[in-house]
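Fold and geometry: a report
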Amino acid sequence: MTSTIIEVRQLTKKFKAKTAVYNADFKIARGEIFGLIGQNGAGKSTLLKMIGGLIHSTSGEIYFFDRSESKDQSFFERMGLLIENPGLYPQYTAYKTLQLLAIAYGLKSPNQYIIHLLRLVGLDASDKTKVKNYSMGMKQKLGIAIALLGSPDVLILDEPINGLDPQGIVEMRKLILELNKTGLTIIISSHILEELSKIATTYAIIHKGKIIEVISKDDLLLKCEERIELEVDHVEEVLPVLEQQLNISNYRVIDQQNVHIYDSHIENHQIVHLLARNQKLVHSIVKYKMSLEQYFLELTKSAGELHA
Ligand SMILES: Nc1ncnc2c1ncn2[C@@H]1O[C@H](COP(=O)(O)OP(=O)(O)OP(=O)(O)O)[C@@H](O)[C@H]1O
Ligand SMILES: [Mg+2]
């Protein structure tokens, strides 16, 4: 059974006249990779900072398991954060950086754990390169190792893929999936839906401060999958014909008149021809294909402006 690890209710953040996040409401299940998608300035970092305890909300509540943050702030310690630039010491190596932070965290005998963390994120504990000479990808990996230092239950990553080259993106995705396999719940933001499409289990779309959709990976893929949308008089009368004569098996009945067909071997004209031969009227038939990015753009275009 899935349990809710984080819930936000009516979470709002105002900066003077600017409402950066407005009435955000959603739940994150334990073990999920929760993708937060929004354009520049949509409110991603602000929302993640509130969940991570870096800034106070103006109103609303955050629950960790069943505890409200207003009653118990200690749960913020259960979160590991990589939000905006990690505060790195340019003169030190990755190992030394983690050692210093481990002391600050009060960890006892952290050396083995540090070696383990560096290996986990794909860095070498014996590497003498100073952090100031690190590539963007290496800095991000170190940032994640720092976020993991306190053995968190939830890892919050704000645009960890931003600025990485294709190879770096592949490595980051792999790392996120590996961390998730260890039971870690991960919240990750991006301004590109496609970028997270290979890893997130749930997506929340934020636009101008409002969460405009929360959708599971399966439902999102179903919405964007190539299909034929067929409208007829009575779906139940045409389905046996389609099944028997065109071998159609992968379809979804929307209502009494509409069915979506996902079998890729079928062309529109075959359906029209077959149904005409069987005296079944076709009201409309369209091939539908939408990329994830198109879907995101359509959704944000139709979403209202933020009035708060
Ligand atoms: N400290 C602040 N003071 C005033 N306004 C702020 C502050 N922080 C954020 N904002 C405003 O709140 C809005 C949301 O900003 P936020 O940084 O959360 O967006 P974002 O989705 O993370 O954008 P990006 O993709 O560029 O990182 C923006 O209009 C921003 O200017
Ligand atoms: Mg941001």
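Quantities reported herein were computed from a predicted structural model and do not represent experimental measurements. (Residues numbered from 1 in each chain as written. Chains lettered and ligands numbered in written order. Predicted model: local features only at pLDDT ≥ 70, side-chain atom pairs only at ≥ 80, totals over all residues. Heavy atoms only, no water.)

The next thing to look at is the packing of helix α4 (residues 136-148) against helix α5 (residues 166-181). Each pair of packed helices can be summarised by the angle the axes make with each other and by the distance between the axes. Relative orientation of the contacting elements α4 and α5 amounts to 15°, with a least axis distance of 11 Å. In terms of their interaxial angle, α4 and α5 are classed as roughly parallel. Handedness of the α4/α5 crossing: right-handed. Judged by residue contacts, Gln140, Lys141, Ile144 and Leu148 of α4 engage Glu171, Met172, Leu175 and Leu179 from α5. (Axes fitted to C-alpha atoms, helices over the stretch in contact; angles between N-to-C directions. Helix = DSSP H or I, 4+ residues; strand = E, 2+ residues; numbered from the N terminus. Parallel < 35°, antiparallel > 145°, perpendicular 65-115°, else oblique. Left-handed = near helix turned anticlockwise from the far one by under 90°. Contact = heavy atoms within 4.5 Å.)

Our focus in this paragraph is the pattern of salt bridges. As enumerated under the stated definition, the model contains ten salt bridges in all. Across the pair Lys141 and Glu171 runs a salt bridge, and its minimum N-O distance is 2.6 Å. On the criterion of sequence distance, the pair formed by Lys141 in helix α4 and Glu171 in helix α5 is long-range, its members being 30 residues apart. For Lys141, a relative accessible area of 15% puts it in the buried group. Residue Lys301 is joined to Glu298 by a salt bridge in which the shortest nitrogen-to-oxygen separation is 3.9 Å. Here Lys301 pairs with Glu298, and both are found in helix α10 (residues 292-302), just three residues apart, close to one helical turn. Residue classification places Lys301 among the exposed positions, given a relative accessible area of 64%. (Salt bridge = Lys/Arg side-chain N within 4 Å of Asp/Glu carboxyl O. Buried < 20%, exposed > 50% of the residue type's maximum accessible area, 1.4 Å probe, protein only.)

This paragraph deals with the site of ligand 1. Inspection of the region around ligand 1 gives Phe15, Lys18, Ala20, Gln39, Asn40, Gly41, Ala42, Gly43, Lys44, Ser45, Thr46 and Glu159 as its neighbouring residues. Between an oxygen atom of ligand 1 and a main-chain N or O atom of Gly43, the distance comes to 2.9 Å. Here ligand 1 has 640 Å² of accessible area as a free molecule, and 61% of this is covered by the chains. Looking at the shell around ligand 1 element by element, the count peaks at three residues for helix α1 (residues 44-51). Across the shell around ligand 1, the residue classes tally to three nonpolar, six polar and three charged. (Near = heavy atom within 4 Å. Polar contact = N/O pair within 3.5 Å; in protein donor to acceptor, adjacent residues only side chain to side chain. Areas by Shrake-Rupley, 256 points an atom, 1.4 Å probe, with all protein chains shown as cover. Nonpolar A, V, L, I, M, F, W, Y, C, P; charged D, E, K, R; others polar.)

Right, let's talk about the sheet that holds strand β4 (residues 59-64) for a bit. Pairing is antiparallel across the open sheet formed by four strands, whose spatial order is β2-β1-β4-β5. Whereas interior strands pair on both sides, the edge strands pair on one side only; in this sheet they are β2 (18-29) and β5 (67-68). Where strand β1 (residues 4-15) and β2 come together, eight bridges link them in antiparallel fashion. Residue pairing for β2: Thr4 is matched across the bridge by Ala29. Helix-sheet contacts for α1 involve β1, β2 and β4, and the interaxial angle to β1 is about 120°. (Pairing = 2+ DSSP bridges.)

For the rest of this paragraph, the subject is the domain arrangement of the protein. Segmentation of the protein into domains returns domain 1 (4-86 + 150-221) and domain 2 (227-288). For domain 1 and domain 2, the distance between their C-alpha centroids amounts to 41 Å. (Domains from an automatic or database assignment.)

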